[in-house]
Amino acid sequence: MNGALLALALAAVPPPAYGVEAAFPPFRLEVPPIPARPSLRALARAAAGSVPLNVVQINLGLLRVPGVGDIVAYVDRRARLMPRVVGELSLEKDVDVFVFEELWEEGHAKILAAELEGRGYTVIRPSRKPFPFLQGSGMMVAVKEWIPILEAYYYLFEDRANYERNVYKGMVLLTLKPLEDAPPMVLVGAHLQSVPDPRADDSIAAQKGQIRQIGRIIGEHARKGAESLVLLCDCNLQDDQENYKSLTEGLGLADVMSLLYPGREAPSMSPENPLNRMGPQPLDRDIRIDYVWARGGAKAGVTPVEAQAVFNRPYATSEGPLYLSDHYGVYARLSYGVEP
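Model, not experiment: these values are computed from the prediction.

**Student:** Before we go on, may I ask you to explain the overall build of the protein chain in this structure?
**Tutor:** When its secondary structure is counted, the protein chain shows eight helices and 15 strands. The buried share of the protein chain, taken over its 340 residues, is 56%. At a minimum sequence separation of 6, the contacts of the protein chain that also span at least 24 residues come to 74%. When the accessible surface of the protein chain is totalled, it reaches about 14400 Å², and 53% of it is carbon and sulfur.

Right under this line is the structure:
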């Protein structure tokens, strides 16, 4: 699908009618109650001085436009594959938190949510629909039930450019309590502005504004005691770009994969994946735009232990081999604990 055709189709949609975007307030997300009787695993982890925290970031690329078609090929086929391979990875890597982007359709979201809830996850999906074109935010977060969620919010990005002004993109912010004797920590899932053309100054400026907004919001939570942070993000940034430096230097975040394997980071998109050869912007080289970022606080630290690409191979289906998405996922094993 041609990128210009996608932009034209999206631009034809009228902007949201809810008023001034910068004044649109965050809204609290509903969180199911914590089980009255915590599991043995939760009790064992809470008694430790530190706990492993295994996280996965994945843009599922389940995007299509009415009247235009699938923007990333095989949307329905990949949606049918999704519960199986996500469920398998949850066991293989003992995943505690998943962050998903580009999960636009409620039918697809419900299928994945049912799979994860059956595996002991609390599933949170911002479902506000200010307009009917793309449903909700495209995001979903799943947290293993052993981790108490103290609060959950969704923030609409105040700065958005070109056709993304018609998309309800933003950030999910959860305050978690993985350790009884440690301060709470903040976990953020975000999907930053895409930059279809490196000369697109409006997109770059919107991205910069989104980074400032993330910094402002996590700063507010840090002042309330939740200093430690994990950010899982399709950032639409490469590590040689100025806005990447704004995240690492401006917000004090460490790019977990780069920290562990400098110069050997696994890509998150590749022309080896046929979905990228037939997409709106075909790739001719590997790139990395999906990340896990982390920073510790004065009283509790976040230590990167391991990181790798996941969902980076084709899976067998009745209709032939198929990749889950045009993006690969990022898995990180972290350790969260009280600083001595």
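Having seen the structure, we can now continue with the description.
**Student:** Help me out: how do you make sense of the pattern of salt bridges in this one?
**Tutor:** Between side chains of opposite charge, a pair can form when the charged atoms approach closely. The full count for this structure, using the stated rule, is 13 salt bridges. The salt bridge involving Arg216 is made with Glu158; its shortest N-O contact spans 3.0 Å. Taken together, the positions of Arg216 in helix H5 (residues 201-223) and Glu158 in the loop between strand S8 (149-156) and strand S9 (170-176) put the pair 58 residues apart, joining distant regions of the chain. Glu158 gets classed as partly exposed once you look at its relative accessible area, which sits at 27%. For Glu164, the salt bridge is made with Lys169, and the minimal N-O distance between the two is 2.9 Å. Each member of the pair, Glu164 as well as Lys169, is classed as buried.

**Student:** Help me understand the packing of aromatic side chains, please; the structure alone is not making it clear to me.
**Tutor:** Ring pairs (aromatic) are described by centroid distance and by the angle formed between their planes. If you walk through the whole model with that rule in mind, you get eight aromatic pairs. Ring centres of Phe98 and Tyr121 lie 5.8 Å apart, and the angle between their planes is 55 degrees; this geometry places the pair in the tilted category. Of this pair, Phe98 sits in strand S5 (residues 97-103) while Tyr121 sits in strand S6 (residues 121-124), and the two are 23 residues apart along the sequence. Each member of the pair, Phe98 together with Tyr121, is buried. Aromatic rings pair up to connect Phe98, Phe100 and Tyr121 into one cluster. Positioned over the ring face of Tyr74 is Arg77, at 4.8 Å from the centre of the ring.

**Student:** Mind showing me how you'd approach the environment of Leu283 here?
**Tutor:** Along the chain, Leu283 falls in the loop between helix H8 (274-277) and strand S13 (290-295). Taking C-alpha positions, Leu283 is 9.4 Å from Asn273, a pair spaced ten residues apart along the chain. Discounting residues that sit within four places of it in the chain, Leu283 has contacts with Met269, Ser270, Pro271 and Asn276.

**Student:** When you look at the state of the cysteines in this model, what are you seeing that I'm missing?
**Tutor:** One way to say it: the disulfide is the covalent bond shared by the sulfur atoms of two cysteines. If you walk through the whole model with that rule in mind, you get one disulfide. Bridging Cys233 to Cys235, the disulfide has an S-S length of 2.4 Å. Disulfide Cys233 to Cys235: torsion about the S-S bond roughly 135 degrees, handedness right-handed. Among the residues examined, Cys233 registers a relative accessible area of 1% and is labelled buried.

**Student:** What is the right way to read the packing of H5 against helix H6 (residues 242-250) from this model?
**Tutor:** How two helices sit against one another is set out by the angle between their axes and by the gap between those axes. Viewed as axis vectors pointing N to C, H5 and H6 meet at an angle of 5 degrees, and their least axial separation amounts to 10 Å. Between H5 and H6, the angle is such that the two are roughly parallel. Here Ile204, Gln207, Lys208 and Ile211 of H5 lie close against H6, whose contacting residues are Glu242, Asn243, Ser246 and Leu247. Taken together, the residues of the contact of H5 with H6 sort by class into three nonpolar, three polar and two charged.

**Student:** Where do I start with the pairing of S5 in this structure?
**Tutor:** For a regular strand, the rule is simple: side chains alternate between the two faces of the sheet. With respect to burial, S5 is a largely interior element, seven of its seven residues being buried. Alignment of strand S2 (residues 50-62) against S5, held across six bridges, turns out to be parallel. Bridge assignment links Gln57 to a residue of S5, and that residue is Val99. In the sheet, S5 pairs with strand S7 (residues 140-144) via four bridges, with the strands oriented antiparallel. Pairing of Phe100 across the sheet is with Met140, part of S7.

**Student:** Explanation requested: the environment of Phe98 in the structure shown.
**Tutor:** Note on Phe98: relative accessible area 0%, which makes it buried. Along the backbone, Phe98 and Gln57 are 41 residues apart, and their C-alpha atoms lie at a distance of 6.1 Å. Not counting chain neighbours up to four residues away, the residues in contact with Phe98 comprise Val56, Val86, Leu89, Ser90, Leu116, Tyr121, Met140, Val141 and Ala142.

**Student:** For this particular structure, what's the right way to read H6?
**Tutor:** Owing to its 3.6 residues per turn, the α-helix brings residues three or four apart onto one side. Buried residues of H6: Asn243, Tyr244, Leu247 and Thr248, and no others. The arc that holds the buried residues of H6, viewed along the axis, is 140 degrees, so those residues lie on one side. When the buried face of H6 is taken as reference, the exposed residues oriented beyond 90 degrees from it are Glu242, Glu249 and Gly250. Looking one or two places after H6, you find Gly252, whose phi comes out positive at around 65 degrees.

Definitions and limits used
- Residues numbered from 1 in each chain as written.
- Predicted model: local features only at pLDDT ≥ 70, side-chain atom pairs only at ≥ 80, totals over all residues.
- Heavy atoms only, no water.
- Helix = DSSP H or I, 4+ residues; strand = E, 2+ residues; numbered from the N terminus.
- Buried < 20%, exposed > 50% of the residue type's maximum accessible area, 1.4 Å probe, protein only.
- Contact = heavy atoms within 4.5 Å.
- Areas by Shrake-Rupley, 256 points an atom, 1.4 Å probe, with all protein chains shown as cover.
- Salt bridge = Lys/Arg side-chain N within 4 Å of Asp/Glu carboxyl O.
- Phe/Tyr/Trp six-rings, centres within 6.5 Å; stacked < 30°, edge-to-face > 60°.
- Lys NZ or Arg CZ within 6 Å of the ring centre and 35° of its normal.
- Disulfide = S-S within 2.5 Å.
- Axes fitted to C-alpha atoms, helices over the stretch in contact; angles between N-to-C directions.
- Parallel < 35°, antiparallel > 145°, perpendicular 65-115°, else oblique.
- Nonpolar A, V, L, I, M, F, W, Y, C, P; charged D, E, K, R; others polar.
- Pairing = 2+ DSSP bridges.
- Arc of directions from axis to C-beta.

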